[in-house]
Amino acid sequence: MIANLFVDRHSFECGETDVLKVKQMLKDFCDMVLFASKSNEESENNFYLNKSNFLNTVIFQDVTVGDLLYLSSDKVKRLIGFDVSALFTSAFKTFKRLKCDKPITRLPLPTKEKSYAICVMQKTQDFPSACQVIASIRDLGKFRCRHFIKYSDSDGYFDEADRYMRGLKLHPDIKNHYKKVFCTHKNKIDHCLWTMDEHYLSFQREYIGNRIRCVSDFAVHHNLYDGGSYEGSKKLKSKKLKFEDRTDEVYCEPHLKMNTDDAGRKGYCRIYFEEPGEDFKHVYVGYICEHK
């Protein structure tokens with residue numbers, strides 16, 4: 001899927017008064033642009049810039065987009081910093097120029113091959129509700145994953161989840177054996193995976209109590225459908241998995257439960273993963289499968 005992503009002067013209008021928050025929003029925006037452009041051989045993410053009044057857009061106090069790009073004032077160094085400014089300049093170089101000189105308020109309707117979104121540094125801006133609005137790598141990943149859910153493309157969804165869920169490691173065999181359950185539980189699977197990606201490691205590190213209850217309490221805390229369990233299927237419990245970045249064998253027994261499908265009909269799906277160690281940077285997910 002090709003994502004056509006639009007940027008204009010409204011993308012950088014910011015109501016934030018805390019300079020540290022402004023710098024973080026700018027950094028998140030630039031990281032998203034550069035990550036999306038990296039190894040983009042098939043131009044799957046294209047950034048288009050409407051340059052009308054773009055350079056004069058005030059980002060913070062009296063710092064404009066032009067100041068950031070051309071390092072033209074001491075106020076950039078004082079308020080934003082040259083590190084963020086240099087990052088912004090690198091991101092700016094990936095933008096293609098639009099000939100249109102009007103603000104972007106409407107987007108084309110998506111198709112199976114193409115989808116569209118507006119990129120901003122602050123998502124609270126007043127864009128029409130029908131517009132897709134993204135401000136970070138995670139937003140872009142969710143946007144791309146939702147597209148493949150819409151068209152029930154399990155292979156495409158797996159590839160996007162594997163690329164953008166940077167807190168998870170998905171076993172490659174999932175792509176082959178989860179097709180059936182993806183058809184019925186795709187929205188619930190997506191919600192569970194993104195919640196794990198964003199929150200599981202920090203939740204486990206801060207968890208006080210019996211570690212066997214950690215998975216269950218995580219599911220309850222984040223309202224993840226039918227809970228979770230530390231003890232898994234006997235059949236899967238004895239199966240050893242190999243991950244590309246690991247030399248040891250991995251057992252995936254803890255799991256999240258879904259006992260109904262996206263339509264509310266009875267149907268069992270499980271997401272099995274390894275209990276992370278204290279120094280883990282990822283949650284290793286071994287199976288997404290039907291539970292019988």
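Cut-offs and rules
- What you see as residue numbers is a count from 1 along each chain, following the sequence as written.
- In view of the model being predicted, local features appear only for residues whose pLDDT reaches at least 70, and side-chain atom pairs are presented and counted only at 80 or more, with totals across whole chains, interfaces and linings using the full set of residues.
- Excluding hydrogens and water, the side-chain values take into account all heavy atoms of the structure.
- Among buried residues, the Ala, Val, Leu, Ile, Met, Phe, Trp, Tyr and Cys ones that are joined through side-chain atoms within 4.5 Å form a nonpolar core.
- Residue burial is assigned from relative accessible area. The probe radius is 1.4 Å, only protein chains are included, and a residue is buried under 20% of its type maximum, exposed over 50%, and partly exposed in between.
- Secondary structure follows DSSP: runs of H or I at least 4 residues long count as helices, runs of E at least 2 residues long count as strands, and numbering of each begins at the N terminus.
- Any two residues having at least one pair of non-hydrogen atoms within 4.5 Å are treated as being in contact.
- We call two N or O atoms a polar contact when they sit within 3.5 Å, provided that within protein one can donate a hydrogen and the other can accept it, with sequence-adjacent residues counted only if both atoms are side-chain atoms.
- One bridge is not enough; two strands pair if DSSP finds at least two bridges between them.
- Any pair of Phe, Tyr and Trp rings, taking the six-membered ring for Trp, is counted once the centres come within 6.5 Å. Such a pair is stacked with planes under 30 degrees apart, edge-to-face with planes over 60 apart, and tilted for the rest.

Some remarks on the nonpolar core
One recurring pattern in soluble globular proteins: nonpolar side chains tend to sit buried together. Core analysis: the biggest nonpolar cluster contains 73 residues, and Phe 12, Leu 26, Tyr 157, Met 196 and Ile 288 have the highest contact counts within it. Residue contributions to this core peak at 10 residues, all from helix 8 (residues 179-206). Those residues within four positions of Ile 288 in sequence are excluded, and the remaining contacts are Ile 174, His 177, Tyr 178, Val 181, Ile 189, Leu 193, Cys 269, Arg 270 and Ile 271. Counting residues in hydrophobic clusters, the runner-up holds 9 residues, among them Phe 243, Val 250, Cys 252 and Tyr 287.

Description of the side chain of Arg 246
Tracing the backbone shows Arg 246 in the loop between helix 10 (234-237) and strand 10 (255-260). Using a relative accessible area of 12% as the deciding quantity, one classes Arg 246 as buried. In this structure the side chain of Arg 246 is engaged in a polar contact, spanning 2.8 Å, whose partner is the side chain of Asp 248. When neighbours within four sequence positions are excluded, Arg 246 is seen to be in contact with Glu 274, Phe 280 and Tyr 284.

A closer look at the pairing of strand 11 (residues 266-273)
Across the 8 residues that make up strand 11, a large majority, 6, are buried. As defined by bridge partners, strand 10 adjoins strand 11 across 5 bridges and the pair is classed as antiparallel. Each residue of the ladder has a partner; that of Met 258, found in strand 11, is Cys 269. Adjacent in sequence and paired antiparallel, strand 10 and strand 11 are bridged by 5 residues, among which Gly 264 carries a positive phi angle near 90°. Sheet topology places strand 11 next to strand 12 (residues 283-290); 5 bridges connect them, and they run antiparallel. Residue pairing for strand 12: Arg 270 is matched across the bridge by Cys 289.

Some words on the packing of aromatic side chains
Enumeration over the complete set of coordinates arrives at 19 aromatic pairs. Between the aromatic rings of Phe 35 and Tyr 164, the centroid separation amounts to 5.4 Å while the plane-to-plane angle is 65°, which identifies the pairing as edge-to-face. Within this pair, whereas Phe 35 is found in helix 1 (residues 19-37), its partner Tyr 164 is found in helix 6 (residues 154-164), the two being separated by 129 residues in sequence. Among the residues examined, Phe 35 registers a relative accessible area of 26% and is labelled partly exposed. For the ring pair Phe 203 and Phe 218, a centre distance of 5.3 Å and an interplane angle of 70° mean the geometry is edge-to-face. Of the two residues, Phe 203 is situated in helix 8 and Phe 218 in helix 9 (residues 214-221); the sequence distance between them amounts to 15 residues. Accessibility assignment for this pair places Phe 203 and Phe 218 in one class, buried.

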